Each structure stands twice: as structure tokens, then as C-alpha cells.
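Secondary and tertiary structure notes
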Amino acid sequence: IAFFCLSVCVLRRQDALHVSGFSALPSSLQHVDVSRKFRWTSHSAASWPIPQRNYHRCDDDARRRRTSSRLSLASSSSTSPFASVPCNDGTLIVQRAIASEKNGGTGNRDDDDNGTQEFNIAYKIFRPMALSSRQAAPVIVLHGGPSVPSNYLWPLVHAIPYRSIVVYDQLGCGESDEPSSSSSSQENGAQQHDNTNDYYSINLAVQDLKALIKKLGIRRYHLYGQSFGGILAYEFLKRMADDDDANSDDIDDDEGCLSVVLSSTPSNVKVVEQEAQRLIDELNMGGNDADNSNSNGNNDDNGNGNVDIAEAFRRAHQCRTEEMPQPLADAYAKAGTTWRGTAAISDYVAEATPNAAKLPSCMMMRGEHDFVTKLCTEDWKTMFPKRRLREKVLKDCSHHGLLENPLMYGDLLESFFAEYD
């Protein structure tokens, strides 16, 4: 017990030195109200052998000072705000079966004789020493896009300061390989054949996630998906619920996915496209001030005519900060181009599983001004048992609540995860 308490004190001391990585946040977001106390609704104090939850409940003033320090230091520091956090980097090798008659040249590895190719998926484990913790299970983080890499979600490391956080770049973006059908055809002198679906699909992404969890040997975890990442999380959980092997008698109830968060995740892609277009039309008509953003109609995008509206949309419905936060800018700079955006998953509609009773408890989150509106998320209520689903609307936030109000966002996540540890 003494060793555990000493370790916690060391971790708290290390985290006090961290900065968060957010740049140019407006002053109104640097002093947020954190008067809300944590509420532990699932476990009584008597059910724990030691008071391991106490270290999550640092007093509000101390947490405000610590987070404000991270925000201010991040805006002026040229070094990575995550450099001081213990982190292990790794690579997962995944395979793709290629239907094209001629294969090769699209990945880092040679094809085998059976028409399969191997590609690298890069991952990071922040605070790897806590990966097997039974007091605070790790969080596996799934980024959105598709193909907008995980950089913009790294601030979760500071928003949830004591857990192990696993992030990875899905195939096609960031530090992972980006196979493309055009390069394969051109290098082999063949007629171009669009075999993008050989490399990318939601089902293949689910397989990659399952392979990563197996490689890392993670038996207990929380799942967090932002935007498209939430779709991936749900499809993964649905497959696990439908998989007889995953639900066999030799699997303990206390293992597997303990809870899931769907953050700004639409259940129907066509609906979110329609809602986004509606919001853009409102901006064009001057119906949304977007916090004094440049929606004055002076479009000067070298003939494209979309600069002001795009920026107004960002500041109104995507990320309500004066400037784009650096983690988000870094993610866009490393975004993939082969399988990207809603066009890649335009036909997706979430479908319920007959094994919904086997799904974990879910928290559905979205911003008050999110382009993923209430209409876009309403159908999730039919996918999970009612008693296992809760909904949170983040006041004054949009699509990237983590970058807009990290204290509130982190408090909500940590209190939810703690209920199901």
C-alpha cells in the first residue's frame, strides 16, 4: 500500500510539470468553472481495499492552476508538450488481401505468393506502466476522419492524467503506411484499377483494432472514439458481441471493454452531411455570427470563394477557438488522402445487434454547437440498452470539445471511466 501511494505521488508530481499543447485559446476558455465535484455512483468506499480513487479527486484550485499552466506554457513552448510523459512507440503489422492481378509497390513490405501485402500501423502507449492497472484501466483512443490521425487527441493524456492512453494512426494516415491503388497500378505498368477497398474499409479497420489489442495483451480497457472513431468503436463492439469466441465461458465478466465513449459520432453519415450543409447555408445567409468570425461575404480564395465560410464554419461548429489549436493543425498536416472524410463512408448507417445486451455502458457526447447535431446522434439510443446509455451535451463547445474546454471534457471522461473500472 505504501509503495502504491508513493507511486501515485510521483505521478502527480510529474503531471504537474506537463503542458497541454493547446495554442491560442481565448481567455474565456483558460479559466473554466470546475466547481463540479466527482460523483462515484457505482462503487461504495467500502468496496475498495485501498483508497485508490482519492488521487483522482485533486482539489479544484490546484487542478485549475495546473491546467492553466499547461495551456499558457504550451502556447509559448517550442518543445512537444507530451515529451515528458512516459511513452512507448511501436508498430503493428497488418495484412491486406489484394484482389488485383498485379500487386506490389504500395507498402513497405514485399507481397507474398498469395496476393497479400503487409503494412505498418504506428501506435503510442502513454504511461505504459499503467497499462495493466486494475484500479484505472487504460483507454484505447480511436481518431476520426477517416484518415485524420491521432495527434489532435493526444491532449487526452493531460485531460485524463493518471491512466495509460493508447493511441494509433489508422492505416492511411499519420505515421502509418498509406497504400494507394494508383501507385500500385502505375509502378507495375498496368491499367489503373481502383482497388482502394482492398486496403480500406470499416471492417478492415475493426480487424486492425482487434489485432492491436491482441498484440498489446490488453485484457481490460475503456474505448473512446471521436467522430468516425466512434463508428469504428461501435462496429468493433458489435462484432465482439456477435462473436461466440469473444463471449465464451472462459472470458471473465471483468475483462474486455468496460465502457465506451462516442464523442461527436453520427449514426448516419448522410444525415450529418445534410446537417453540415444546412449550417453552411445558414452561415452564407448571415444567420450565424460564429463568434465574430469572418462570415462577411468577402470570399477571396483565389476564385474558390470558400475561405471565409470555411473559417466561419470552423469557429462556429468545428472548433470554437480564435486560432486552430496546434494538435488539430498537426493532425490535418498529416492527414491521409486516399481514404478520407465522409465521402469514404457515405453509405454508413449504424445497425442494431441482436446481442445489444452484451454491449458495455456508453456515454454519448457532443458539443452544443456541434455540426454532429442531435438529429445525427438520436439513433444511438436504439443501439444500446436504455439503462446503459447516457447523453452529455457540452455547453459552448462544438466538434472538438477536448480542445475547447479540456478541464470539463477530462472531468466527464474520468468520472465515467471510474464508474466501470
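Anyway, here's the lowdown on the structure attached to this text. (Residues numbered from 1 in each chain as written. Predicted model: local features only at pLDDT ≥ 70, side-chain atom pairs only at ≥ 80, totals over all residues. Heavy atoms only, no water.)

The helix and strand tally for the protein stands at 14 helices and eight strands. By residue count, 53% of the 421 residues in the protein fall in the buried class. For the protein, restricting intrachain contacts to residue pairs at least 6 apart in sequence, the fraction spanning at least 24 positions comes to 81%. Of the accessible surface of the protein, which amounts to about 19,300 Å², a share of 46% is contributed by carbon and sulfur atoms. (Helix = DSSP H or I, 4+ residues; strand = E, 2+ residues; numbered from the N terminus. Buried < 20%, exposed > 50% of the residue type's maximum accessible area, 1.4 Å probe, protein only. Contact = heavy atoms within 4.5 Å. Areas by Shrake-Rupley, 256 points an atom, 1.4 Å probe, with all protein chains shown as cover.)

What follows concerns the pairing of strand β3 (residues 139-142). Alternating positions in β3 separate into two faces, Val-139 and Val-141 on one and Ile-140 and Leu-142 on the other, with burial throughout. As defined by bridge partners, β3 adjoins strand β4 (residues 165-168) across three bridges and the pair is classed as parallel. The residue bridging Ile-140 from the neighbouring strand is Val-166, located in β4. Relative to strand β5 (residues 220-226), β3 runs parallel, the two being bridged by four bridges. When the bridges of β5 are listed, Val-141 appears paired with Tyr-224. (Pairing = 2+ DSSP bridges.)

Over the atoms, a rolling probe the size of a water molecule traces out where space has been left empty. Taken as a whole, the second largest pocket spans an internal volume of roughly 670 Å³. Of all the secondary-structure elements, those providing two or more residues to the lining of the second largest pocket are α8 (228-242), α9 (269-284), α10 (307-318) and α11 (326-333). Across the lining of the second largest pocket, the residue classes break down as 16 nonpolar, 10 polar and two charged. (1 Å grid on protein atoms, 1.4 Å probe; cavity = no way out; pocket = protein on both sides within 12 Å on 5 of 7 lines; lining within 4 Å. Points joined across faces, edges and corners; volume = space filled by probe spheres on them. Nonpolar A, V, L, I, M, F, W, Y, C, P; charged D, E, K, R; others polar.)

Counted by the stated rule, this structure contains 17 salt bridges. With a shortest N-O distance of 2.9 Å, Arg-314 and Glu-311 are connected by a salt bridge. With a gap of three residues between them, Arg-314 and Glu-311 both fall in helix α10, about one helical turn apart. Arg-314 sits in the buried class, given a relative accessible area of 3%. Residue classification places Glu-311 among the partly exposed residues on the basis of a relative accessible area of 25%. The network of salt bridges with shared partners includes Arg-366, Glu-378, Lys-381 and Glu-391. (Salt bridge = Lys/Arg side-chain N within 4 Å of Asp/Glu carboxyl O.)

Okay, the packing of helix α7 (residues 202-216) against α8 next. Axis separation between α7 and α8 bottoms out at 9 Å; the angle between their running directions is 75°. Put simply, α7 runs roughly perpendicular to α8. Only Phe-228, Ile-231, Leu-232, Glu-235, Phe-236, Arg-239 and Met-240 of α8 make contact with α7, whose side of the interface consists of Ile-202, Asn-203, Ala-205, Val-206, Gln-207, Leu-209, Lys-210 and Ile-213. Tallied by class, the residues present in the contact of α7 with α8 amount to 10 nonpolar, two polar and three charged. (Axes fitted to C-alpha atoms, helices over the stretch in contact; angles between N-to-C directions. Parallel < 35°, antiparallel > 145°, perpendicular 65-115°, else oblique.)

Before going further, it helps to examine the sheet that holds strand β2 (residues 116-126). Taken in spatial order, the eight strands of this open sheet run β1-β2-β4-β3-β5-β6-β7-β8, and their pairing is mixed. With partners counted over all chains shown, the strands left at the sheet margins are β1 (87-97) and β8 (389-394), one partner each. For this sheet, the mean inter-axis angle between neighbouring strands, taken without regard to orientation, is 20°. Note: β2 against β4, four bridges, orientation antiparallel. Within β4, the position partnered with Ile-125 by the bridge is Val-166.

Our focus in this paragraph is the pairing of β2. Burial within β2 is extensive, with nine of its 11 residues counted as buried. Here 11 bridges tie β1 to β2, and the two strands are oriented antiparallel to one another. Residue pairing across strands places Cys-87 opposite Phe-126, the latter belonging to β2.

Considering all chains together, one arrives at six cavities of 30 Å³ or more under this definition. Each pocket or cavity is described by its volume, and for the largest cavity that value is around 80 Å³. A class-by-class count of the residues in the lining of the largest cavity yields eight nonpolar, two polar and two charged.

Turning next to the nonpolar core. Core analysis: the largest hydrophobic core is formed by 60 residues, its most contacted members being Ile-140, Leu-223, Tyr-348, Trp-380 and Phe-384. If one sorts the elements of this core by residue count, α8 sits on top with eight residues. With near-sequence residues (within four places) excluded, Tyr-348 lies in contact with Ile-202, Ile-231, Tyr-234, Glu-235, Ser-267, Asn-268, Val-269 and Trp-380. Ranked by size, the runner-up nonpolar core spans 31 residues in total, among them Val-139, Trp-154, Leu-394 and Leu-412. (Core = buried A, V, L, I, M, F, W, Y, C linked by side-chain atoms within 4.5 Å.)

Going through the model one piece at a time under the given rule, you end up with 13 aromatic pairs. Each ring, one from Phe-82 and one from Phe-126, has its centre 6.3 Å from the other, and the planes form 55°; the classification is tilted. Here the residue Phe-82 occupies a position in the loop between α3 (60-76) and β1, and Phe-126 occupies one in strand β2, the gap between them amounting to 44 residues. The two residues Phe-82 and Phe-126 agree in class, both being buried. Between Phe-416 and Phe-417 the ring centres are 6.1 Å apart and the planes differ by 50°, which places this aromatic pair in the tilted class. Judged on exposure class, the residue Phe-416 and its partner Phe-417 are both buried. One aromatic cluster is present, built from ring pairs that chain together Phe-119, Tyr-199, Tyr-200, Phe-228 and Trp-339. (Phe/Tyr/Trp six-rings, centres within 6.5 Å; stacked < 30°, edge-to-face > 60°.)

Such coordinate-based values are descriptive only and should not be taken to indicate function.
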